[in-house]
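Inside the fold
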Amino acid sequence: MNEAGLPAVLLLGAGRMGAAMFAGWAAQDLPPCVLVDPALPPGVARPQDSLIPDLAALPAAFEPGAVILAIKPQMAADLLPRLGRLLPPGAAVLSILAGVPIARLAALLGASNAIVRAMPNTPAAIGQGMTVAVAGPGVSPAQRALCTRLLAASGELAWLDDEAPIELVTAVSGCGPAYVFLLAELLEQEGVAQGLPPDLARQLARKTVSGSGALLAASQDESAQLRRNVTSPNGVTEQALAVLMDEAAWPASIRRAIVAAAARSRELAT
Ligand SMILES: NC(=O)c1ccc[n+]([C@@H]2O[C@H](COP(=O)([O-])OP(=O)(O)OC[C@H]3O[C@@H](n4cnc5c(N)ncnc54)[C@H](OP(=O)(O)O)[C@@H]3O)[C@@H](O)[C@H]2O)c1
């Protein structure tokens, strides 16, 4: 327990997402944590945390209130049955594994623990994440409150009542940062291709994407209004937007990208 009375947690997998989520808990002084990862990043843990390379090294007396699954989905079939044998009955299982439904997690664990499935994204690393969560059968109000504390430490959190839309959530916000970073990449590449010095093209692309994101976050306006604010009639931006907003250009590409990502997420689930 920490001073706020929250129970300790077990983090299985401290890679990109696991470590990002842990950074949020550490910043908010959330419960002590045992991190399980074979290649533990140095300097991540607080004095009250423990680092172990494998579940086999889990202290027998350790009774976590929640176990966070942040391993790759491909590892689930190997690790979850082992974890299931070690789980205290009251521990909530909080999974961020893309494409692995609650029923499959329960079957692999072979335990009756309550399960919450969540989909975060990488801006969680700086407390700017967007996470969507859905509670499986039997999640108690206290377990849901604990998961809320853990997930909201990395940014904004929305709860769903139904698991079905989570594949679409994955396609929009789970994968979404990659689409935005691609935009920065393409702006930089095209700036260089058309004659800008590489350092300047990089600076322009990065600051345009990050500054626009910050403006969107700070503004009450719809994103469409912020776009219109940059677009004078018959001006320069309007020319570019006529290309990008053509139905066959970005609208069709984004539609195909979201459909493809959601389909892959559903495929992983089977
Ligand atoms: N990255 C994203 O944008 C994102 C967004 C939403 C959800 N997710 C989900 O988050 C999960 C983790 O993704 P990630 O990008 O963070 O992957 P990752 O960086 O590869 O993290 C997985 C971690 O698990 C470790 N691991 C391997 N074997 C283990 C074992 N036996 N016990 C404990 N830990 C072990 C890995 O160590 P090694 O590297 O040494 O193998 C690695 O540090 C995935 O299920 C993914 O679907 C990711």
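Residues numbered from 1 in each chain as written. Predicted model: local features only at pLDDT ≥ 70, side-chain atom pairs only at ≥ 80, totals over all residues. Heavy atoms only, no water.

1. Structural notes on the layout of surface pockets
- Roughly 820 Å³ of internal volume is contained in the second largest pocket.
- Lining the second largest pocket are 36 residues, with Met 17, Ala 70, Ile 71, Lys 72 and Pro 73 sitting closest to its centre.
- Secondary structure elements with two or more residues in the lining of the second largest pocket: helix H1 (16-27), helix H2 (76-86), helix H5 (166-174), helix H6 (176-193) and helix H10 (250-268).
- Looking at the lining of the second largest pocket residue by residue, the classes come out as 22 nonpolar, 8 polar and 6 charged.
- Mapped onto the domain boundaries, the lining of the second largest pocket takes at least three residues apiece from domain 1 (9-164) and domain 2 (174-268). (1 Å grid on protein atoms, 1.4 Å probe; cavity = no way out; pocket = protein on both sides within 12 Å on 5 of 7 lines; lining within 4 Å. Points joined across faces, edges and corners; volume = space filled by probe spheres on them. Helix = DSSP H or I, 4+ residues; strand = E, 2+ residues; numbered from the N terminus. Nonpolar A, V, L, I, M, F, W, Y, C, P; charged D, E, K, R; others polar. Domains from an automatic or database assignment.)

2. Focus on the pairing of strand S6 (residues 115-119)
- Most of S6 sits out of view: 5 of its 5 residues are buried.
- For strand S5 (residues 92-95) and S6, the ladder comprises 3 bridges, and the chain directions are parallel. Looking across to S6, one finds that Leu 94 is bridged to Val 116.
- In this fold, the crossover linking S5 to S6 by way of helix H3 (residues 102-109) has right-handed handedness.
- Direction of pairing for S6 relative to strand S7 (residues 129-135): antiparallel, over a ladder of 4 bridges. Opposite Arg 117, over in S7, you have Val 134 as the bridge partner. (Buried < 20%, exposed > 50% of the residue type's maximum accessible area, 1.4 Å probe, protein only. Pairing = 2+ DSSP bridges. Right-handed = clockwise from strand over helix to strand, strands pointing away.)

3. Brief notes about the side chain of Thr 170
- Note on placement: Thr 170 falls in helix H5.
- Thr 170 sits in the buried class, given a relative accessible area of 7%.
- Ignoring anything within four residues of it in the chain, the contact list for Thr 170 reads Met 119, Cys 175 and Ser 265. (Contact = heavy atoms within 4.5 Å.)

4. Let's talk about the pattern of salt bridges
- For the structure on display, the rule yields 6 salt bridges.
- One salt bridge connects Glu 267 with Arg 264, and the closest N-O pair in it is separated by 2.5 Å. Note that Glu 267 and Arg 264 are positioned in helix H10 at a spacing of 3 residues, about one turn of the helix.
- Of the residues examined, Glu 267 reaches a relative accessible area of 46% and is grouped as partly exposed.
- One network of salt bridges, with partners in common, ties together Arg 117, Glu 163 and Glu 167. (Salt bridge = Lys/Arg side-chain N within 4 Å of Asp/Glu carboxyl O.)

5. Things to note about the site of the ligand
- What surrounds the ligand is a group of 22 residues, the closest being Arg 16, Met 17, Asp 37, Ile 71 and Ala 98.
- Here an oxygen atom of the ligand sits 2.9 Å away from a polar atom, N or O, in the main chain of Arg 16.
- Lys 72 is positioned such that a nitrogen or oxygen atom in its side chain is 3.3 Å from an oxygen atom of the ligand.
- The protein chains hide 77% of the 880 Å² of surface that the ligand would expose on its own.
- At a threshold of 2 Å from the grid points, most atoms of the ligand map onto the second largest pocket.
- Residues of the shell around the ligand, tallied by class, amount to 16 nonpolar, 3 polar and 3 charged. (Near = heavy atom within 4 Å. Polar contact = N/O pair within 3.5 Å; in protein donor to acceptor, adjacent residues only side chain to side chain. Areas by Shrake-Rupley, 256 points an atom, 1.4 Å probe, with all protein chains shown as cover. Sits in = over half its atoms within 2 Å of the grid points.)

6. A word on the domain arrangement of the chain
- The domain boundaries assigned to the chain delineate domain 1 (9-164) and domain 2 (174-268).
- Taking the mean C-alpha position of each, domain 1 and domain 2 sit 32 Å from one another.
- Contacts between the two partners involve 7 residues from domain 1, matched on the other side by 5 residues from domain 2.
- Broken down residue by residue, the surface that domain 1 buries against domain 2 is led by Gly 99, Asn 121 and Thr 122, which jointly contribute 60%.
- Seen at the junction of domain 1 and domain 2, the total is 0 salt bridges. (Buried area = accessible area lost by both parts, 1.4 Å probe.)

7. Topic: the packing of H5 against H10
- Where H5 meets H10, the closest approach of the two axes is 8 Å, and the angle between their N-to-C directions is 130 degrees. Regarding the angle of H5 to H10, the classification is oblique. Seen along the crossing, H5 lies across H10 with a hand that is right-handed. Taking contact as the criterion, the partners of Glu 167, Leu 168, Thr 170, Ala 171 and Val 172 in H5 are, on H10, Ile 258, Ala 261, Ala 262, Ser 265 and Arg 266.
- Looking at side-chain class alone, the contact of H5 with H10 contains 6 nonpolar, 2 polar and 2 charged residues. (Axes fitted to C-alpha atoms, helices over the stretch in contact; angles between N-to-C directions. Parallel < 35°, antiparallel > 145°, perpendicular 65-115°, else oblique. Left-handed = near helix turned anticlockwise from the far one by under 90°.)

8. Comments concerning a nonpolar patch on the surface
- Judged by side-chain polarity, Leu 183, Leu 187, Trp 250 and Ile 254 come together as a nonpolar surface patch covering roughly 360 Å² of accessible area.
- The set of elements that each furnish at least two residues to the nonpolar patch consists of H6 and H10.
- Position of Trp 250 relative to the elements: it lies in helix H10. (Patch = residues over 30% accessible without salt bridge, like charges linked within 9 Å, V, L, I, M, F, W, Y side chains within 5 Å.)

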